[in-house]
Amino acid sequence: MPESLLFRGIADWLLDRALHDGDLSETVRELGRRLITGGVPVCRINVGGLLLHPVLGALDMTWDMASDTCRSQSIPRAAAKSSQFQKAPFYQLVKHQVRFQRTRLDDPKACEQFPLFVMLREAGMTDYIACYESYGRADPLERQAINLQHSQRP
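Scoring rules and cut-offs
- Residues numbered from 1 in each chain as written.
- Predicted model: local features only at pLDDT ≥ 70, side-chain atom pairs only at ≥ 80, totals over all residues.
- Heavy atoms only, no water.
- Helix = DSSP H or I, 4+ residues; strand = E, 2+ residues; numbered from the N terminus.
- Buried < 20%, exposed > 50% of the residue type's maximum accessible area, 1.4 Å probe, protein only.
- Contact = heavy atoms within 4.5 Å.
- Areas by Shrake-Rupley, 256 points an atom, 1.4 Å probe, with all protein chains shown as cover.
- Phe/Tyr/Trp six-rings, centres within 6.5 Å; stacked < 30°, edge-to-face > 60°.
- pLDDT = per-residue confidence, 0-100.
- Salt bridge = Lys/Arg side-chain N within 4 Å of Asp/Glu carboxyl O.

S.K.: Quick question: what am I supposed to make of the overall build of the protein chain here?
M.R.: When helices and strands are tallied, the protein chain shows 6 helices and 6 strands. Listed by position from the N terminus, the elements making up the protein chain come as α-α-β-β-β-α-α-β-α-α-β-β. Across the 154 residues in the protein chain, those meeting the buried criterion constitute 36%. For the protein chain, the share of sequence-separated contacts (at least 6 apart) that also reach a separation of at least 24 residues comes to 45%. Accessible surface, the protein chain as shown: approximately 9,300 Å² in total, 58% of it carbon and sulfur.

S.K.: I keep staring at the packing of aromatic side chains and nothing clicks. Help me out?
M.R.: For any pair of aromatic rings, the description consists of the separation of the ring centres together with the inter-plane angle of the planes. Overall, the coordinates contain 2 aromatic pairs when judged by the stated rule. Ring centres of F114 and F117 lie 5.1 Å apart, and the angle between their planes is 85°; on these two criteria the pair is classed as edge-to-face. As far as burial versus exposure is concerned, F114 and F117 are alike and both buried. In this structure an aromatic cluster arises from ring pairing among F114, F117 and Y128.

S.K.: Would you explain the confidence of the model for the protein chain in this entry?
M.R.: Interpretation of this model should avoid reading the predicted coordinates in detail wherever pLDDT is low. Mean pLDDT over the protein chain: 83, with 84% of residues reaching 70 or higher. Mean pLDDT per element in the protein chain: strand β6 (residues 144-150) is the minimum at 51, and helix α2 (residues 24-37) is the maximum at 94. This model gives residues 142-146 a pLDDT under 50, and the stretch forms 30 contacts once residues within four places in sequence are excluded.

S.K.: Sorry if this is basic, but what is going on with the pattern of salt bridges here?
M.R.: Pairing is possible between side chains that carry opposite charge, provided their charged atoms lie close to one another. Enumeration according to the criterion identifies 8 salt bridges in this entry. With a shortest N-O distance of 3.2 Å, D12 and R8 are connected by a salt bridge. Taken together, the residues D12 and R8, both in helix α1 (residues 3-19) and 4 residues apart, mark about one turn of the helix. Of the residues examined, R8 reaches a relative accessible area of 48% and is grouped as partly exposed. D60 serves as the salt-bridge partner of R71, at 3.7 Å between the closest nitrogen and oxygen. With R71 in strand β3 (residues 69-76) and D60 in strand β2 (residues 56-64), this residue pair connects regions lying 11 residues apart in the sequence. On the basis of relative accessibility, which here comes to 42%, the residue R71 falls in the partly exposed class. Each of the salt bridges in this network shares a partner with another, and the network as a whole consists of E26, R29, E30, R33, R34 and D68.

Pasting the structure below:
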C-alpha cells in the first residue's frame, strides 16, 4: 500500500475513532498494528497530554510492539516540575516550541542529550520521532504529544 493511502486510511480511521469516543488505549494499540501492517517499522508509540485537573497533570500511554500491550499512566501535576520530567525530550520539544523532532539514536552525541535516548538505543531502536499539536492552547506546555520510536531506518 503506498504511504499516502496508508496514512490517509489511518487519518480517516482516527477521525472516526475520535467521533465515536473510542477507548484511547485500544486506539493507540490499533494505531501501532496498522502502522506495522502498512510497513512502518515502529517498535513503540507514546501518546501523552497535559490534563485540566487539580491533581493529575498528564496522561501517558505507551504501546509496545513486542508485547502488543498499551500501558496507561496518570502523572501527578507536581511531577511536571520535577527535574526528571524536565530532562525528557518532550519537555524540551514543547519548551522550545519545536513541532517535529527526529533523532538518530545511533549518534552517541545525540544520545547524550537525554537518558531516554540511551534506554531506547540499548533496546535496539534506531530513531526517535516526536511531534506535538496544541489543540488551540496558547501555552506551549499545554500541548499534546505523540512520540514514535522505531528500530529500522527507511
